Structures are given as structure tokens and as C-alpha cells.
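# Descriptive structure summary
Now for the letters of each chain:
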Amino acid sequence: MAFSRPLLQWLPWAALGVAILALLATAAAVQARAGGARITAARLTAVDTVGYQAPPPVVPPSVGRGGAAVTLPHSPQPDWTPSTEASPQRIATRVTWYSLTVPPLPHDGRQLYLYIPRWKSDGTLAIYADGRLVHQSHANLQWNGSNQPLWIALPRSDATQPPTRLDLRLQHVRGIGGAFSSVWIGDYRQLSPRYYMRDLFQVQLPAFSSVAFLTTGIFALFVWFSRRSEPIYLLYFLASAACFLRMLHTFVGTQPLFISDAWFGWVTVNSTFWMMLTLHLFVAALHRMPQPQLTGAILANGGAWSIATLPGLLDPTLIAAPIYLNMLALGMIVGINCVRQSIKGGSYLALLLSVWCIVTVVAGLYDVALQQNLVNIESVFLTNFTGVGFTLLFWYVMFSRYTQALETATQAKADLARRLAQREAELTASHAQLREIEHRELLHHERQRLMQDMHDGLGSSLVTALRAFQSDRAADIDAVAILHGCIDDLKLTIDSMEPVETDLLLLLATLRFRLQPRLQAGGVKLTWRAGEVPPLEWLDQRHALHILRILQEAFANILKHAGAREIAVTVRTEGDRVLVRVQDDGKGFDPTRPSTGRGLANQRSRAEAIGASVAWEQTGRGSCLVLILPVTKGLATAG
């Protein structure tokens, strides 16, 4: 699979490269402008010892007399045969003295400092000025503090004179230690650029990057606690922890540690295996092509060395060279395999880490040569900087995953919005179609209702009138009354089609408007008393027609049979019911007696159809019909 990356994604790396080159150029310029006196000539005195002893308070008289002349940096080839004694009290050691003559310095009264770029020792480093002990480092018996430059203030022999002689005492394992760089002496302005620049690149930068890497690794660990299905966050934490342990020796060692020197040496050496394993698993998680056989081989190799070098068995610092050579061979195999698998899996991020793994192996070859004094010991360990590169690469990997997750979420959101819009359009079309169907059904039911009502109302009245006119009693029939009845039926049908919008008073006002002329023509006075009535949520055209029919029947009965002179209509609310009373002052009747007509039965059936009820109240004169309407559907009760 071809890797195609936008040009903009390479810009941060290009900017980082330019920044590194600018920093290196600045460091070179600072070093060129720095001053101070460099001491490269010394006389070496070596004394074989057993175990480790504390430095004496003054230089022994035999030191410096007849010693061999050496040139600093002095780095003899180590002896590959380690001591058979693992105990610090019985191990074969050697004390190496470097006696230096201080060149003439200005007598300006300024504080003088001693700057030593690097040294190698498994024991203490003691510094003497004019024969007196002025500095002593921690006796780290398993690892040396050679990675950290030394910077101390030198006392003067009197108020004006600087020291004239320096003696440096190293105690180390016989045959594998005792190397020393050149020595610088001068005031703060002269030496501080050299010291701080080396300290920045050799100590502070690796320390800062490893601590920052571990900090983000702890954050990734907490992310993994909530996302157990994504082991890459756990692997990120393990890689950061292994990198931190591997870089630990670059910024600790000259001061007492919270663990023993033996365990610190074991962690320092074997953390390279752990970092190699986590890097292999992390890259496999990126290109999604796990290799259990290679993983098992790394575990077996690293586990065997980790067990063999436990404190009390093989001393890892005494056999560090063969261990590192084994690591480099295994690292090259892992790096090349990771490159091949990354290309096959098409993972750009995995390829970056794999290539950097190979770069680290190449840098490790140089570091092994530096450790074995095959190159100038004033150089620096290159793997310190490749460790910084791993920190940046791992950050870039997680940043890329984060931005990719954001892009995926954005695309998913856009896709969801598109699908929602599509679904909304479908629902809108479906809703419009349903409304169209509902409208057609409503029109159909309304036509059926009107047809049924015209058949039962106006049609029935016209058929009754037609039969009456065709009968033998045609001469006695009141044609005007029959026609009025037919017209009233037609008007009721028309009024029921008007929208009442739950307003009962509006419906009753329409009925009053229709009946008022007919009542006046019959000499009947209409009294109307209507109070506040709540909206009836169930009132529509179908229910309105039933109400009108019930009240029409009541008025028709009064006009035909009661002989009343006044009709009173009262509308009021009682609790959750609305009561419509129609009372007349006519002859009245007994509603419990059997009736020959169907008027009362029709009124009851229509009331039941809308969830209402009708009742007839006994009064002193005339009759009173009560139509009981529920405010809410289903609450009507018979009166």
C-alpha cells in the first residue's frame, strides 16, 4: 500500500528539524565563545585494592610521584573478564589517581570553578585541591555517574591565590573502569556556557522528555481504564514507563537512591528489553498484524537476561557489553520486521516508529563503542536523543489517533445529519401523504354524515310532508308548519358544518339566531341566560349536530304540544359538567308515561352518542329539559 500524506502534515516535522538544527548551531557557537583553561596533562597513579574504601581527607604522599604521564581524556580499554566476586566488600577494585598541575590563572579574586564533562567510575569520585578533599560523589557501586557533567566551586589556598594542584581519585572495578575526560578551570563567565549547554543536551533534555512521556503515559493508563477494549492505551503507558526507566541513568546516580545500587543497575540494563517488547507490541497494534512467535522470542530472550542478572546472580554492570550486543541484534531484527509488517499493513504511523527503532539500534552501536572507550569519552550517548525522538513520535501517534477520531466523529455526525435529513424528508412526505389520506377520509365521513343527516332529518321531513299531502287529510294539514320544519332541518345541517372550535355558546347562539324568528312568529317569548362555559375539547361538527337536534326536538315539542307563551334557556357550569336547561310555561307532560312518538327516544340516543345525557325535571308549570354535557369526554352522568 502506498503512503500518501498531505504536505501540511510534514510541516511540523520540518519545523522541528529546523528548530533542532538551530539549537545545535547555537550550542556550537556558545561553546566556541566560551573560555577557561583546559587541562589535558596528568600523572596517573594506580593502586590495586579489594572492596571499596572511603576517600582519605588528604592526598597520600605517594600520589603523583613517579606516576605515568597520560593525556586527558584518558580511557583505557576495559577488561572483558569480570570479577568472580559479586560482593562489594570482596570484589577486586582499583584506585586511580590523576594528578593535574593548574596553569597560572589571573589573580582577580573571582570565584573559580572546576568543570569535568565526563568520567567513568563504579565507586566514588573524590576531588582534592592542593591536597585537601573538596568534593566527594555518591559511591554508586553498580552504575557510574559519567553521564552527568561535574561542576564545583574551588576554594583558594589563601585570600588571593588559586589552587596550583588538583588530584582526582577514582575507585572502580579492576579492569573495566577508570576513564576520565579533560578538565576545565576558570570563573563562572568562562565555564558556565560549556557546563550548562552540555548539561542541557546530556542530562536535562533526556530527563524532561522521559518525565513528560511518562506523564502522558499515566494519562493514557486512565483512558485505558475506561476503554478496556483498546489495549493501545495500556501499551502507550507501558512504553512510557519502560522509556523512563531506560533514561533514568542519564539524570540520577551521583546522589544516593531510594533503591539499592544493585537493583538500580538491574533496572537500567534490562529496561532496554522491556522497551523493545512494548515497542514491538505497540507497532503491532498500529499495523494490526500481531506476530505471537516473535513476541514470544522477545519475551524469552529478555526474560532470561532479566532473571540471570538479578542481584546476587550475574552482575549486569560487569557484563553490560554482551547484554547490549544481544539487545542490538534483537533490536535490529525487531526493527526490520516492524518496517516490513508496517509496509504490508499500510500503517504510516507504525512505519515511523519502526524506522526510528532501526535508527536507535544504529545509535546504540555507537553508545556501546562509547561505553567500551572505543571513541572519545567526551562524546555523548546518542540513544539519549533517540529516546527524545521516541517521546515525540509516540506523542505524534496519539495526536494522529486523536485527530483521526475527531475526523471520524465529524464524518459520522455529518453522515448522521444527512441520514436524519433524508429520514425527515421521508417522514415529511409520509406525513403529507397521511394527512392527504386523513383529509380524504374526513371528507368521506363528512359526506356520509351529511347524507345520513339529510336522509334522517330533511329527507324524513319531506317524505312525511309528501305522504301527508297525498293522504285524504291533505286539506287539514298545516303546510306552512311542515315547510318550516323542513327548512329548520336544512338550517341545522348547514349550521353543524360551521367550525365551533369547542365553543358551546357559539353553537347555541347560532341556534338562537335560527329559532328566534319562528318563535316570534308563533307568539312565544324567548329568554336566554348563559354564564361562563369552559371549552369543550370534544365538540366538533358531528357532536354539534347531535346537540342541535336534541334542542330542536325540544323546541318543536314545545311549539306543537305545550301551548307555551315563554321559553327560558339557561346555560351554566356545575363542576365538570355543563347544563343546558330549556324550560317552558306550557301544559307540561309526564316523561315517565309511554309515548306514541320517537322524539324523546331520539333525544336520549343522540345524547348517548356524544357521551352526554338528557333529563326532564318536574316544575310547577310546564316542562324542563336538561341537557348534561361533560367538559371532558366520558364524564357525563344521567341527571
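Our structure's up above, just so we're on the same page.
The notes below deal with the structure included here. Fair warning: this is a prediction, and the values are worked out from it, not measured in the lab.

Turning to helix H12 (residues 599-609), its buried residues number three or more, namely Gly 599, Leu 600, Gln 603, Arg 606 and Ala 607. Projected down its long axis, H12 shows its buried positions confined to an angular sector of 130°, all on one face. Phi turns positive, to about 80°, at Gly 611, one or two residues after H12.

Attention now goes to the sheet that holds strand E17 (residues 624-630). What the 5 strands build is an open sheet, ordered E13-E14-E15-E17-E16; its pairing is mixed. If you trace the sheet from one side to the other, it starts and ends with strand E13 (525-530) and strand E16 (613-617), each paired once. Strand-to-strand twist in this sheet, taken as the mean axis angle between neighbours without regard to direction, amounts to 15°. The pairing of E16 with E17 spans 5 bridges and is classified as antiparallel. Its bridge partner being in E17, Trp 616 is matched across the sheet by Leu 625. Across the sheet, helix H11 (residues 541-562) lies against E13, strand E14 (566-574), strand E15 (577-584), E16 and E17, angled at about 15° from E15, the strand it touches most. Of the strands in this sheet, E16 and E17 touch H12, which is tilted by about 135° from E16.

Time to look at the sheet that holds strand E7 (residues 125-129). In spatial order, the strands read E3-E2-E4-E10-E7-E8; together these 6 strands make up an open sheet with antiparallel pairing. Each edge of the sheet is formed by a strand with only one pairing partner; in this case those strands are strand E3 (68-71) and strand E8 (132-136). The sheet shows a mean angle of 30° between the axes of neighbouring strands, taken without regard to direction. Of the strand pairs in this sheet, strand E2 (residues 41-50) and E3 are connected by 4 bridges, and their pairing is antiparallel. Opposite Arg 43, over in E3, you have Ala 69 as the bridge partner.

Once that is clear, we can look at the environment of Gly 36. Along the polypeptide, Gly 36 turns up in the loop between helix H1 (7-33) and strand E1 (37-39). Sequence-wise, Gly 36 and Leu 114 are 78 residues apart; in three dimensions their C-alpha atoms are separated by 9.7 Å. Sequence-distant contacts of Gly 36, that is, excluding residues within four places in its chain, are made with Trp 184, Ile 185, Gln 190 and Leu 191.

Another point: the packing of aromatic side chains. Within this structure, the stated rule accounts for 21 aromatic pairs. Note on Tyr 113 and Tyr 188: the rings are 6.1 Å apart at their centroids and 65° apart in plane angle, and the pair reads as edge-to-face. Taken together, the positions of Tyr 113 in strand E5 (residues 112-116) and Tyr 188 in helix H2 (residues 188-226) put the pair 75 residues apart, joining distant regions of the chain. Take Tyr 188: its relative accessible area is 42%, and that puts it in the partly exposed class. By way of ring pairs, the aromatic residues Tyr 113, Tyr 115, Trp 151, Tyr 188, Tyr 195 and Tyr 196 are connected into one cluster. The residue whose ring lies beneath Arg 228 is Trp 224, and the NZ or CZ to ring-centre distance is 4.6 Å. Between the NZ or CZ atom of Arg 401 and the centre of the ring of Tyr 233, over which it lies, the distance is 6.0 Å.

By the criterion of burial, E7 is predominantly enclosed, with 5 of the 5 residues buried. Sheet topology note: the E7/strand E10 (residues 165-173) ladder contains 5 bridges and is antiparallel. Paired with Tyr 128 across the strands is Asp 167, a residue of E10. Relative to E8, E7 runs antiparallel, the two sharing 4 bridges. What sits directly across from Ala 126, in E8, is Gln 136.

What counts, and at which threshold
- Residues numbered from 1 in each chain as written.
- Predicted model: local features only at pLDDT ≥ 70, side-chain atom pairs only at ≥ 80, totals over all residues.
- Heavy atoms only, no water.
- Buried < 20%, exposed > 50% of the residue type's maximum accessible area, 1.4 Å probe, protein only.
- Helix = DSSP H or I, 4+ residues; strand = E, 2+ residues; numbered from the N terminus.
- Arc of directions from axis to C-beta.
- Pairing = 2+ DSSP bridges.
- Axes fitted to C-alpha atoms, helices over the stretch in contact; angles between N-to-C directions.
- Contact = heavy atoms within 4.5 Å.
- Phe/Tyr/Trp six-rings, centres within 6.5 Å; stacked < 30°, edge-to-face > 60°.
- Lys NZ or Arg CZ within 6 Å of the ring centre and 35° of its normal.

By themselves, these are just geometric observations and shouldn't be taken as functional.
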